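Now for the letters of each chain:
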Amino acid sequence: MTRTVPGWVAALASVGALLIGLPLIGLLLRVPWVRVPALLTEPAARDALWLSLRTCLASTVLSVLLGLPLALVLARLRGPWAALGRVVATVPMVLPPVVGGLALLVTLGRRGPVGRLLSLGGVEIGFTTAAVVIAQAFVAMPFLVVAVEGALRSLDADAELMAATLGAGPSRVLWRITLPSLLPAIVSGTSLAAARSLGEFGATVTFAGSLQGVTRTLPLEIYLQREVDTDTALALAAVLLVLAALLVLGTGLLGRRRPARVRATASAATTPGGAG
Amino acid sequence: MTGLLIDIDLPGRGVRIELAVPAGQTCALIGPNGAGKSSVLEAVIGVLPPASGRIELAGRALDAPGVRVPVHRRRIGWLAQRPLLFEHMDVAANVAFGSQGHGRGRAAARRRAASELERVGAAELADRLPWQLSGGQAQRVAIARALASDPGALLLDEPLATIDVQGAAEIRQVLAERLQQAGRPALLVTHDLVDLWRLADRVVVLERGRVVADGAVADVLRRPRHQFLASLGGRNLLAGRAVDAEALRAGDLVVQGLAAAPLRVGTATLGLIDPAAIAVHLRHPEGSPRNVWPAVVRVVERRGDGVRLGCLAGGQTLAVDLTLAAVAELGLVPGLEVFLSVKASQVQLYPR
Amino acid sequence: MRRLRLALAALVVGALVLAGCTGTSERRLTVFAAASLTKVFTAFGDQFESDHPGVTVAFTFDGSSGLVDQLRGGAKADVFASADEANMTKAVDAGRTAGEPEVFARNVLTLVVPPGNPGEVTGLDDSLNGRKLVVCAAQVPCGAATSALAEKLGVRLKPVSEESKVTDALGKVTAGEADAGIVYVTDAAGAGDAVESIEIPGADQVVNNYPIVQVEGAPEPQLAADFIALVRSEQGRTVLTGAGFRTP
């Protein structure tokens, strides 16, 4: 289906595209591509890249593992608790990452209420790779929660009820009906979360610190390299850009594997008689 | 008892109903919108807990004081207006989902699914995905799926409402056969007279949350005692008092008719008139008809091949069916003053 | 629909006005200064404005290298004050300076610990074993100074984190997350009671110089010269020493 848009919308759209596209193009033009391979073999860069990939994977898994249940519960909650839960779950999205990092620091840090307890048990999160993963999950999980929760709200609850009348218990309904229906939203939410994890800087630098191979992820390395050599920073930035692009592109392809829904389902209400 | 027993109070919905549907019987639940039909279905499915009372299936309590069986353990099959097929599974998997629910193995479930599809005439659809089916095909699959789960009772919520006339006729046939073979209690909500005739053994009329009529389909339809039942059959029902052994006064209208037994003057009486039996005249007709009433045309609307008039005569609203040609010839428009006539032999009179 | 269109237009115009409405008829001096100078330079700005009625001083405080990037990118500024000589050299090499940079302040490193010194750190010695030490990364001025000092003193540091900003290093100490940190004396002074300083014997061996210069093509060259003069005046030195800097 092609849709025409008014000329002025197209004009604004092209300004929007330039606003996003030009800086990216400018960045790519400034990248010293010839030096990229050599720069990537530098131990500092290699460590940062490897650490970024590892932590991004871990935090994404964590986001899905915890974010999915959270979205399911939030979507079913009603009343003021639901509103509160939804706000709490999405606040990290609008919080400046540095503030998020501070929040983590004063909570999970050695002096924080949770950190102090962990400290007694001999666990200290600060300055460890685990801290990086927690910081990333803190800022990334809300993207997944929001994407999945939105999809859940528009999901046909009658299909789940139908599955239950066919003898499927809550878990079976979840695995066989709800989650498959949510797959597109889960895929896009996961890719958003992963991309956010990959680019996470502020919360990591504030909460986890910065040490090569332990806590210094690619964005932190880029920030640091900028102090010395802008070219190196740009080369690493290009790598980050390519990784993020691959991530978004890959999930886009994954999402398109499902057949297009061109189904004219009757709009009549179906929960045992919408009226009657 | 072996059937479905419903004896519940749903104060939130203003419903208080007691109804027993024996095994093998299909009981139609009809009534105007808002009468509480859906609330009853929701309670039986298990999503609307009754405030008090009980629901039993084959002697097993589903809802009772201290008992509340969850939806997936109630063995209540549900067939809705929309087929509600699971979009990400093919037809065979959809049907197998129903039969797997009760601990049957995967292979056995597939075999059962195939045989159920066969029985609703949808065997060749097994490999399709739901979005590749027409509305009628999808509803056939939904029937197969509901039956494959071996429900103890079946709830049919206007299952043919969204399907075209031709498709509905075929699926109604399938449903009729399967309901008969299944030998389980079934509750059918419908607004369609054909569904009543073809599928139901018994009709229960619900109004404002209460049962107001209950009987065999043929009896209830032949001599409807409620406006809703009469209008379901498209007929005029006049309620009044007998003024003669074979006459009724409803408002300002005196109606001559036939009564199976002579009416006793002063008793509450009903008169049933087929809209097609009423004739329309521009001037007072000469000759035999014993019922002639001055009237005003209120509504003129297309209905099927003909036209239905809504007329006001003696304070009573009467539906009149005419051909398009007759309407054109008489120049009938809303507001026109006319005379209605109907033979006494076309009016059935019976005590309320 | 018309109302929606009007609202959209108003929104766009409003956003542009808000974003660009700083332009006034007043004269305006733009100063790019290293983040560690925030406190003292803000004081200089107030002083300068009261000395020069009708002049507004606008500061951009950032890491020195970030400021150099901006200058290279053609940012308009009148004065540039760097936290080290390396970044000043970059600005000179890029041709964005007018005249010779002059050192107006010096800084040395110190050890800081959280109040009460829970890690019982006594200096750059064995007391750091098993303790969490944060330093600046070697790529930034304070980190370069830290490595140089460690080498001169012959100690091996095993930090748990090499921060890219002094504030991040300091923040870890004030939060109690780290047992000790190595920062500039001025940063320690700026943190007030949030940290305790432990002087490093021999810290004088590595001195960090803060050079200041007029920017090439400055819109307000005379004001720029006046501002630099203020920073280097006797009064300026008093302010700088008050903040922990040493002066040449």
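Residue numbers restart at each chain and count upward from 1, following the sequence in its written direction. Think of it this way: whatever chain is written first is A, whatever ligand is written first is 1, and the rest follow in order. Reporting of local features is limited, given that this is a predicted model, to residues whose pLDDT is at least 70; pairs of side-chain atoms are given and counted only at 80 or more, and all residues count toward the totals for whole chains, interfaces and linings. Calculated side-chain values reflect all of the structure's heavy atoms, with hydrogen atoms and water omitted.

### Quick notes on the overall build of chain A
Of regular secondary structure, chain A possesses 12 helices and zero strands. The way it works is that DSSP assigns letters per residue, a run of H or I at least four long becomes a helix, a run of E at least two long becomes a strand, and they are numbered from the N terminus. The N-to-C order of helical and strand elements in chain A reads α-α-α-α-α-α-α-α-α-α-α-α. Dimensions of chain A along its principal axes, counting C-alpha atoms only, are 75 × 60 × 30 Å. Any residue under 20% of the maximum accessible area for its type is buried, any over 50% is exposed, and the rest in between are partly exposed; the area is computed with a 1.4 Å probe on protein chains only. Looking at the 276 residues of chain A, the share that counts as buried comes to 42%. The Shrake-Rupley method, run with a 1.4 Å probe sphere, supplies the accessible areas, and residue values consider only the shown protein chains as cover. With an accessible surface of roughly 13,800 Å², chain A has 74% of that area assigned to carbon and sulfur atoms. In this tally, Asp and Glu contribute negative charge and Lys and Arg positive charge; neither His nor the terminal groups of the chain are included. Think of each charge as sitting on NZ of Lys, CZ of Arg, CG of Asp or CD of Glu. Computing the positive centroid from 22 side-chain charges and the negative centroid from 12, chain A places the two 9 Å apart.

### Description of the arrangement of the chains
The contact criterion used is simple: two residues touch if any of their non-hydrogen atoms lie within 4.5 Å. Counting contacts across all two pairs of chains found in contact, the highest total belongs to chains A and B. A gap remains between chain B and chain C, which never touch, and the nearest two C-alpha atoms on either side lie 37 Å apart.

### A few points about the confidence of the model for chain B
Confidence of the prediction at every residue is given by pLDDT, a number between 0 and 100. Mean pLDDT for chain B: 89, with 98% of residues reaching 70 or above. By mean pLDDT, helix α8 (residues 227-232) of chain B is the weakest element of chain B at 80, and strand β1 (residues 4-10) of chain B is the strongest at 95.

### Details of unusual backbone geometry
Keep in mind that most residues, glycine aside, have a negative phi and that most peptide bonds are trans. Residue and element names in this part refer to chain B. Residues other than glycine seldom take positive phi values, yet A58 does so here, at roughly 50°. Although it is not a glycine, L84 adopts a positive phi angle of roughly 55°. Inspection of the secondary structure assignment puts L84 in the loop between β7 (76-79) and α2 (91-100).

### Quick word on the pairing of strand β10 (residues 202-207) of chain B
Residue and element names in this part refer to chain B. For β10, a buried count of six out of six residues is recorded, marking the element as mostly surrounded by other parts of the structure. The alternating pattern of β10 places R202, V204 and L206 and V203, V205 and E207 on opposite faces, both of which are buried. By the convention used here, strands pair only if DSSP detects at least 2 bridges between them. Relative to strand β11 (residues 210-216), β10 runs antiparallel, the two sharing six bridges. Residue pairing in the sheet places R202 in a bridge with A216 of β11. Hairpin connection of β10 to β11: two residues between the antiparallel strands, including R208 at a positive phi of 50°.

### What about the confidence of the model for chain A?
All names here are of chain A. Averaged over all residues, the pLDDT of chain A equals 86, while 91% of them reach at least 70. Element-level mean pLDDT values for chain A span from 83 in helix α12 (residues 230-256) up to 94 in helix α3 (residues 43-76). Long-range and interchain partners of residues 259-276, a stretch whose pLDDT sits below 50, account for 45 contacts in this model, where long-range means more than four residues apart.

### What to know about the interface of chain A and chain C
Taken residue by residue, the interface counts 22 residues in chain A and 27 residues in chain C. Accessible-area loss on putting two parts together, using a 1.4 Å probe and summing over both, is the definition of buried area adopted here. Of the roughly 2,400 Å² buried between chain A and chain C, counting both surfaces, carbon and sulfur atoms make up 47%. Three residues, A:R110, A:F127 and A:E227, lead the burial of chain A against chain C; their summed loss comes to 30% of the area buried on that side. Definition used for salt bridges: Asp or Glu carboxyl oxygen within 4 Å of a side-chain nitrogen of Lys or Arg. Taken together, chain A and chain C are joined by four salt bridges. We note a salt bridge from C:E162 to A:R216, for which the minimum N-O separation is 3.2 Å. Any pair of nitrogen or oxygen atoms within 3.5 Å is treated as a polar contact; in protein, a donor-acceptor pairing is required on top of that, and neighbouring residues in sequence qualify only through side-chain atoms on both sides. For the pair chain A and chain C, the interface holds 12 residue pairs in polar contact (both at pLDDT 80 or more). Secondary-structure elements contributing two or more residues to the side of chain A that touches chain C are α10 (202-207) and α11 (218-228) of chain A. When residues are grouped by polarity, Ala, Val, Leu, Ile, Met, Phe, Trp, Tyr, Cys and Pro land in nonpolar, Asp, Glu, Lys and Arg in charged, and all others, Gly among them, in polar. Across the side of chain A that touches chain C, the residue classes break down as nine nonpolar, seven polar and six charged.

### What about helix α2 (residues 38-51) of chain C?
The periodicity of an α-helix, 3.6 residues per turn, causes residues three or four positions apart to be oriented the same way. All names here are of chain C. Take the number of residues in a helix, subtract one, and multiply by 1.5 Å to get its expected span. Compared with an ideal rise of 1.5 Å per residue, which puts 14 residues at 20 Å, α2 spans 20 Å between its outermost C-alpha atoms and is within 8% of the ideal. Within the sequence span of α2, burial applies to V40, F41, F44, G45 and F48. Each buried residue of α2 lies within a common arc of 145° when the element is viewed along its axis, so the set occupies one face. Facing away from the buried side of α2, by more than 90 degrees, are the exposed residues K39, D46 and S50. As used here, the arc is the angular range of directions from the helix axis to the C-beta atoms.

### Overview of the sheet that holds β10(B)
Residue and element names in this part refer to chain B. Ordered by their spatial adjacency, six strands build an open sheet running β7-β8-β9-β3-β10-β11, and the pairing between neighbours is mixed. Every other strand in the sheet has two partners, leaving β7 and β11 as the edge strands with one partner each. Strand after strand, the sheet turns through a mean of 20° between neighbouring axes, direction not considered. As judged from the four bridges shared by strand β3 (residues 26-30) and β10, these two strands associate in the parallel manner. If you follow A28 over to β10, its bridge partner there is V203. Simply put, an axis is a line fit to the C-alpha atoms, just over the touching stretch for a helix, and the angle between two N-to-C directions goes from 0 to 180 degrees. Helix-sheet contacts for helix α5 (residues 165-182) involve β3, β7, β8 (153-157) and β9 (186-189), and the interaxial angle to β8 is about 160°.

### Looking at the nonpolar core
What is meant by a nonpolar core is a set of buried Ala, Val, Leu, Ile, Met, Phe, Trp, Tyr and Cys residues, joined one to another through side-chain atoms within 4.5 Å. Core analysis: the largest hydrophobic core is formed by 61 residues, its most contacted members being C:L29, C:L37, C:F41, C:F104, C:L111 and C:F227. The element that contributes the greatest number of residues to this core is helix α8 (residues 221-232) of chain C, accounting for six residues. An automatic or database domain assignment provides the domain bounds reported here. The residue makeup of this core includes at least three contributed by each of domain 1 (26-106 + 210-242) and domain 2 (109-205) of chain C. In this structure, C:F41 is in contact with C:V31, C:A33, C:F59, C:F61, C:A81, C:F104, C:I212, C:F227 and C:V231, ignoring residues within four places of it in sequence. Judged by nonpolar contacts, the second largest core, of 48 residues, contains B:V95, B:A109, B:L156 and B:L160.

### Some points on the state of the cysteines
Residues and elements named next belong to chain C. The criterion for a disulfide is a pair of cysteine sulfur atoms lying within 2.5 Å. This structure, assessed with the given rule, holds one disulfide over all chains. The partner cysteine of C136 in its disulfide is C142, sulfur to sulfur 1.9 Å. Here C136 and C142 share a disulfide; its torsion about the S-S bond, -105°, makes the bridge left-handed. Assessed through its relative accessible area of 3%, C136 is described here as buried.

### A look at the sheet that holds strand β3 (residues 79-81) of chain C
Residues and elements named next belong to chain C. Strand order in this open sheet of five strands is β2-β1-β3-β10-β4, and the pairing throughout is mixed. Only two strands of the sheet have a single partner each, and these edge strands are β2 (55-62) and β4 (97-107). The sheet shows a mean angle of 20° between the axes of neighbouring strands, direction not considered. Pairing geometry for strand β1 (residues 27-34) and β3, over three bridges, is parallel. Considered in β3, the bridge of F32 is made with F80. Set on the sheet, helix α4 (residues 85-93) makes contact with β3, β4 and β10 (208-215); between it and β4 the angle comes to about 175°.

### A closer look at the domain arrangement of chain B
How big an interface is tends to be reported as the loss of accessible area on association of its parts. Taken domain by domain, chain B comprises domain 1 (4-222) and domain 2 (239-351). A straight line from the C-alpha centre of domain 1 of chain B to that of domain 2 of chain B covers 40 Å.

### Points about the pattern of salt bridges
Inspection of the entire model under this criterion finds 34 salt bridges over all chains. Put simply, B:R172 and B:D195 hold a salt bridge, and the shortest N to O gap is 2.6 Å. Residue B:R172 is found in helix α5, and its partner B:D195 is found in helix α6 (residues 193-199); the two are separated by 23 residues along the sequence. According to the relative accessible area criterion, B:D195 is buried, its value standing at 3%. Between C:E102 and C:R232 there is a salt bridge, with its nearest N and O atoms 2.9 Å apart. Residue C:E102 is found in strand β4, and its partner C:R232 is found in helix α8; the two are separated by 130 residues along the sequence. One salt-bridge network, held together by shared partners, links A:R30, A:R35, A:D229 and A:D231.

### Points about the side chain of A:E200
Residues and elements named next belong to chain A. Looking at the element boundaries, E200 is found in the loop between α9 (170-199) and α10. At a separation of 2.8 Å, a polar atom in the side chain of E200 contacts the main-chain amide nitrogen of A203. Polar contacts involving the side chain of E200 include one to the main-chain amide nitrogen of T204, which spans 2.7 Å. Sequence-distant contacts of E200, that is, excluding residues within four places in its chain, are made with P97, A135, Q136, V139, T217, P219 and L220.

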